[in-house]
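Coordinate analysis (summary)
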Amino acid sequence: MLDVPFLPFCAFLGTLGLLCVAMVGTWCQHWRGGFSLDGSSRTFNWHPVLMVTGLVVLYGAAALVYRIPNTWSGPKLPWKVLHGSLALGAFILTVLGLAAVFCFHNSQGTPNMYSLHSWMGLGTVLLFSCQWAAGFGAFLLPWAPTWLRALYKPIHVFFGSTILMLSVASCVSGINEKLFFSLKNGTMEYKLLPAEAVFANTLGLLILIFGVLVVAALARPSWKRPDSDSPDSRQPLLSAER
Ligand code: HEM
């Protein structure tokens, strides 16, 4: 594998993440009419922006906190709080993003939860909610027993990457669905590949690349905390060390 140092790689990922957020905002502003809170398609436009920002970019940042070499020594509490807070921020944006699309559907009289995208998306959000609650209970509350933390940690790590991949799949399917809904008449047909389709297809690919790079960074052995399986790393939040 290429011997890239973590921090420049992280800077690259940060730039890519910001580019994804900027592109989804530009798509909704420039081609889809902008943003409002009146239940129209301009309310819907908050949905892609908040989902990409929350469940992909902010979630990806939260997942990578323990790969920062500074987290490997000294007190772990600030890093745990940062990890949990970024994930909570991602969750709040996700809930707002879902509220936007449900509000849009309800005010237009469109049925809810009929598409594959909506099933996969809601499943991902439910999994993420369970992951956050279980992570909080196991790693941040002081009374979780050490054996439970040890048992749950590999499960938390596995679902961390799984949820990110499911978020990426939800975004890609959502972008595709929106393009089919929106580009269907005359010279604007999706199959004629208008500029909007090129832009949104590129956005989908960049989101995919972002997700794959985060999962690759999480899996890379030399970027993991050296003592990540030691009993010390499983101490509770309120223990004396912190
Ligand atoms: C992690 C990311 C995402 C999740 C979890 C997610 C989740 C959902 C859910 C649960 C619904 C159903 C709402 C309802 O039935 O009222 C929905 C609808 C929709 N979403 Fe997303 N979404 C995500 C990203 C995106 C993105 C990036 C787009 C791009 C435009 C998008 C486009 C749509 C569209 C067009 C609908 C309405 C049609 C339908 O219900 O399938 N979504 N989404």
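Residues numbered from 1 in each chain as written. Predicted model: local features only at pLDDT ≥ 70, side-chain atom pairs only at ≥ 80, totals over all residues.

This next bit is on the overall build of the protein. A tally of regular secondary structure across the protein gives seven helices and zero strands. Here the C-alpha radius of gyration of the protein, 20 Å, is about what a compact globule of 242 residues would show, namely 18 Å. Taking the principal axes of its C-alpha atoms as reference, the protein extends roughly 65 × 40 × 25 Å. A total of 242 residues make up the protein; the buried ones form 26% of that total. Contacts in the protein between residues at least 24 apart in sequence constitute 76% of all its contacts with a sequence separation of at least 6. (Helix = DSSP H or I, 4+ residues; strand = E, 2+ residues; numbered from the N terminus. Rg over C-alpha atoms; globule rule 2.2 N^0.38 Å. Buried ≥ 20, exposed ≤ 12 C-beta atoms within 10 Å, placed from the backbone. Contact = placed C-beta atoms within 7 Å.)

Moving on, we get to the site of the ligand. The full set close to the ligand counts 26 residues, and Asn112, Ser115, Ser118, Gly121 and Gly174 are the nearest of them. Elements supplying a minimum of two residues to the shell around the ligand: helix H3 (46-64), helix H4 (77-108), helix H5 (116-140) and helix H6 (146-182). Sort the elements by how many residues they give to the shell around the ligand and H6 lands first, with eight residues. Split into classes, the residues belonging to the shell around the ligand amount to 13 nonpolar, 11 polar and two charged. (Near = placed C-beta within 6 Å. Nonpolar A, V, L, I, M, F, W, Y, C, P; charged D, E, K, R; others polar.)

Attention now goes to the UniProt feature "transmembrane region" (unreviewed entry) in the protein. Residues annotated by UniProt as "transmembrane region" (unreviewed entry) correspond here to residues 6-28, 49-69, 81-104, 116-143, 155-176 and 197-219. Within residues 6-28, the helical portion is 100% and the strand portion 0%, while the C-alpha atoms at the span's ends are 33 Å from each other. End C-alpha atoms of residues 49-69 are separated by 31 Å, and the span's content is 76% helix alongside 0% strand. (UniProt positions renumbered as here; feature names shortened; annotations may be inferred.)

UniProt tags residues 12-219 as "domain: Cytochrome b561" (unreviewed entry). End-to-end, the C-alpha atoms of residues 12-219 are 17 Å apart, and along that stretch the chain is 78% helix and 0% strand.

Our next topic: the environment of Thr71. By the element assignment, Thr71 lies in the loop between H3 and H4. Among the residues examined, Thr71 registers 17 C-beta atoms within 10 Å and is labelled partly exposed. Residues in contact with Thr71, not counting those within four places in the same chain, are Val65, Tyr66, Trp79 and Arg225.

Right, let's talk about H4 for a bit. Between its terminal C-alpha atoms H4 stretches 46 Å, which fits the 46 Å expected from 32 residues at 1.5 Å a residue. Within H4, burial applies to Lys80, His83, Ala87, Ala90, Phe91, Leu93, Thr94, Gly97, Ala100, Val101 and Phe104. At the C-terminal side of H4, Gly109 shows a positive phi close to 75 degrees. (Expected span 1.5 Å × (residues − 1).)

Mapping Pro78 onto the fold places it in helix H4. Of the residues examined, Pro78 has 12 C-beta atoms within 10 Å and is grouped as exposed. C-alpha of Pro78 to C-alpha of His156: the two residues are 78 residues apart in sequence and 19 Å apart in space.

A word on the nonpolar core. Counting 41 residues, the largest nonpolar core has Cys20, Val52, Val56, Tyr59, Ala90 and Ile207 as the members making the most contacts within it. No other element matches H3, which puts 14 residues into this core. Those residues in contact with Ile207, other than ones at most four positions away along the chain, are Cys20, Val52, Val56, Val168, Cys171 and Val172. (Core = buried A, V, L, I, M, F, W, Y, C linked by C-beta atoms within 7 Å.)

Turning to H6, a few remarks are in order. Its 37 residues give H6 an end-to-end C-alpha distance of 52 Å, which sits within 8% of 54 Å, the value for a rise of 1.5 Å per residue. Approximately 35 degrees is the largest bend angle found in H6, and it occurs at Tyr152, with the proline Pro154 only one to four residues beyond. Lining the buried residues of H6 we find H3, H5 and helix H7 (195-219). (Bend = angle between axes of the 7 residues up to and from the residue.)

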